[in-house]
Amino acid sequence: MKTNPLQRYLRKGTLPHFYCAGCGAGQVLNYFVRAADELKLDFDKLVGIGGVGCTARIPVFMDVEALHGIHGRTLPWATGIKLHNRELKVVIFAGDGDAASIGGNHFIHACRRNLDVTMIVVNNLTFGMTGGQVSPTTPKASTSATTPYGNPEAPFDLCKVAVAAGATFVARWNTSRPTQAIRAIKKALQHRGFSLVEMVCQCPTQFGRSALGSGDPLKLMEWIEECSVTIEEAGKLPEEEVSKKFVIGNFVEKKEPVFEGSSVYRNMENA
Ligand SMILES: Cc1ncc(C[n+]2csc(CCOP(=O)(O)OP(=O)(O)O)c2C)c(N)n1
């Protein structure tokens, strides 16, 4: 048996992958496969869903049933698949544009319903695949393909939105923290209910070059790490300062009834 989980779980025909050198989406794929391997997740019962975008390709590279289709519509598919067969583990990979912009409405309602799926959002702070347009998570004042004079809007905090909407597992980490990221992905996969893991990650081709003047993945990872504070550190800083940071950590982990489609919400006790 192959000992490297990447060799074991990746779909041979789709390699080499199409990611730019140093893309954080490739790291998230790596972390996910390692988390799945540590849990001995049955890949025959795993469905991977991506909308459209760089992130959305992640499930295509895994040896699972994969759906790759419409930008922003991953959650309607996930709902249908999960309600049709509760035995399946459904995992969504979405970009920040996919999850927070075109798919934002589906996102808040999936959180509110506590749909039993895992959503991994690769937040590269831009619409990567289409050329680096401003996205709902682009930091204020950042230059992008569509904000040459700087983004005038305040970004969405997707984790706060998820918590407010009722998601029952919510975490944010970044690509330079593999251990914590893998641990959070494992928790999300074991969680019953809507689980979100947001991964702040570098995009050397778009966000890096336009907003930070560098396409060097390491420099970009360093910048993200410098801008990251843990929940504990954030608690000691003034709110004004925290609002400019990526707060990382596991924010919420709780048990609530999950959405199972009929008019009956099952309780955790009798599920
Ligand atoms: C319905 C629809 N609207 C818009 C597009 C064009 N489109 C394709 S990928 C993409 C951006 C993807 O950005 P994001 O979701 O942040 O993912 P990333 O590529 O950055 O991983 C857009 C707008 C599309 N394919 N379908």
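Note that this is a predicted model, so its numbers are computed, not measured. (Residues numbered from 1 in each chain as written. Predicted model: local features only at pLDDT ≥ 70, side-chain atom pairs only at ≥ 80, totals over all residues. Heavy atoms only, no water.)

(A) Molecular detail of the pattern of salt bridges. In the structure shown here, the tally under the stated rule is 12 salt bridges. In this structure, Lys186 and Glu38 form a salt bridge, with 2.7 Å as the shortest nitrogen-oxygen distance. With Lys186 in helix H7 (residues 178–190) and Glu38 in helix H2 (residues 24–39), this pair connects stretches of sequence that are 148 residues apart. Under the relative-accessibility criterion, Glu38 is labelled partly exposed at 46%. Between Arg172 and Glu198 there is a salt bridge, with the nearest N and O atoms lying 3.1 Å from each other. Of this pair, Arg172 sits in strand E5 (residues 169–174) while Glu198 sits in strand E6 (residues 195–200); the two residues are 26 residues apart in sequence, bridging distant segments of the chain. You can call Glu198 buried: its relative accessible area is 2%. Salt bridges sharing common partners tie together Lys82, Arg86, Asp116, Arg192 and Glu260. (Salt bridge = Lys/Arg side-chain N within 4 Å of Asp/Glu carboxyl O. Helix = DSSP H or I, 4+ residues; strand = E, 2+ residues; numbered from the N terminus. Buried < 20%, exposed > 50% of the residue type's maximum accessible area, 1.4 Å probe, protein only.)

(B) Spotlight on the pairing of strand E8 (residues 246–253). Direction of pairing for E5 relative to E8: antiparallel, over a ladder of four bridges. Following the sheet pairing, Ala171 is matched in E8 by Asn250. One ladder, built from three bridges, connects strand E7 (residues 228–230) with E8; its direction is parallel. Paired with Ser228 across the strands is Phe246, a residue of E8. (Pairing = 2+ DSSP bridges.)

(C) Structural detail: unusual backbone geometry. Cis geometry is adopted by the peptide bond preceding Pro16, which originates at Leu15 and carries an omega value of 5°. Mapped onto the elements of the fold, Pro16 is located in the loop between helix H1 (5–9) and H2. You will see that Lys40, though not glycine, has its phi angle at about 55°, which is positive. Its identity is not glycine, yet Leu125 carries a phi of approximately 70°, on the positive side. Secondary-structure assignment places Leu125 in the loop between strand E4 (118–123) and helix H6 (158–165).

(D) Layout of a negative patch on the surface. A cluster of acidic residues, Asp42, Asp44, Asp63 and Glu65, forms a negative patch at the surface. Position of Glu65 relative to the elements: it lies in strand E2 (residues 65–68). (Patch = residues over 30% accessible without salt bridge, like charges linked within 9 Å, V, L, I, M, F, W, Y side chains within 5 Å. Areas by Shrake-Rupley, 256 points an atom, 1.4 Å probe, with all protein chains shown as cover. Lys, Arg positive; Asp, Glu negative; His and termini not counted. Charge placed at Lys NZ, Arg CZ, Asp CG, Glu CD.)

(E) Structural detail: the site of the ligand. If you check the shell around the ligand, you find 16 residues, and the closest are Cys54, Thr55, Gly97, Asp98 and Gly128. In this structure, Gly128 approaches the ligand through a main-chain N or O atom, which is 2.7 Å from an oxygen atom. When grouped by side-chain class, the residues that make up the shell around the ligand number five nonpolar, nine polar and two charged. (Near = heavy atom within 4 Å. Polar contact = N/O pair within 3.5 Å; in protein donor to acceptor, adjacent residues only side chain to side chain. Nonpolar A, V, L, I, M, F, W, Y, C, P; charged D, E, K, R; others polar.)

(F) Inspection of the pairing of strand E1 (residues 46–50) at higher detail. Within E1, five of the five residues are buried, which leaves it mostly tucked inside the rest of the structure. Residues of E1 alternate between two faces, with Leu46, Gly48 and Gly50 on one and Val47 and Ile49 on the opposite face, all of them buried. For E1 and strand E3 (residues 89–95), the ladder comprises five bridges, and the chain directions are parallel. From the neighbouring strand, Gly48 faces E3, where its bridge partner is Val91. Here E1 pairs with E2 via four bridges, running parallel. In the strand pairing of E2, Ile49 is matched with Leu67.

None of the figures reported here should be taken as evidence of function without further support.
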